[in-house]
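Structural features, examined
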Amino acid sequence: MTAEKHDGDIHEIAGGWISERKNTPVPGFLKLSYIGFCIFGLVYLVSYWSGETGHATRGPLVEQANQVMKAPSGAVMGGLFVVIALFVSGLLWYAFFAKEE
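Attention now goes to the pairing of strand β3 (residues 18-21). The pairing of strand β2 (residues 10-13) with β3 spans four bridges and is classified as antiparallel. Bridge pairing in β3 places I13 opposite I18. Linkage of β2 to β3, two consecutive antiparallel strands, is achieved through a turn of four residues, within which A14 is found at a positive phi near 60 degrees.

Next comes the structure, spelled out in C-alpha cells:
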C-alpha cells in the first residue's frame, strides 16, 4: 500500500487514483445520486421482501423456495429497514448540511 500524499491543497488517495482539493463542495449531481441510490435501496428492500415472485421465469422457483425456507419475521425486516433508513438519513445530512473542511 502506498502512502498518501499531502501536497498543499491537493489530497491524493489510493496511490494517486483519487485526488481531491480541500474546501471543494460536493457537486450537485453527486448529491442527487445519493438521494436516488438511497431511495432505490429502501424501495428495493420493501418491494422484494420475499423475493422476486413476479418474474416470468424465475418467479415460480422463488415461490417454491419461499415455501421450503423460513421467511424472516417482520421484526427482523423492520429492524433492517430502520438501520438502513438511519444510514440514509445520516448520509444525506452529511452530504447536504455538513460544513466543509
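Turning next to a nonpolar patch on the surface. On the surface, a nonpolar cluster with roughly 450 Å² of combined accessible area is contributed by V46, W49, F81, V82 and L86. By residue number, the principal contributor to the nonpolar patch is helix α3 (residues 74-97), which donates three residues. Checked against the element boundaries, L86 lands in helix α3.

A few words on the packing of helix α1 (residues 28-47) against α3. It is at 10 Å that the axes of α1 and α3 come closest, and there the two elements cross at 175 degrees. Taken together, the axis directions place α1 and α3 in an arrangement best described as roughly antiparallel. For the pair formed by α1 and α3, the contact residues are K31, Y34, I35, C38, L42, L45 and V46 on the first element and M77, L80, F81, I84, A85, V88, L91, L92, A95 and F96 on the second.

Note that K22 resides in the loop between β3 and α1. Sequence separation between K22 and I10 is 12 residues, and the spatial gap between their C-alpha atoms is 6.4 Å.

The rules behind each value
- Residues numbered from 1 in each chain as written.
- Predicted model: local features only at pLDDT ≥ 70, side-chain atom pairs only at ≥ 80, totals over all residues.
- Heavy atoms only, no water.
- Pairing = 2+ DSSP bridges.
- Helix = DSSP H or I, 4+ residues; strand = E, 2+ residues; numbered from the N terminus.
- Patch = residues over 30% accessible without salt bridge, like charges linked within 9 Å, V, L, I, M, F, W, Y side chains within 5 Å.
- Areas by Shrake-Rupley, 256 points an atom, 1.4 Å probe, with all protein chains shown as cover.
- Salt bridge = Lys/Arg side-chain N within 4 Å of Asp/Glu carboxyl O.
- Axes fitted to C-alpha atoms, helices over the stretch in contact; angles between N-to-C directions.
- Parallel < 35°, antiparallel > 145°, perpendicular 65-115°, else oblique.
- Contact = heavy atoms within 4.5 Å.

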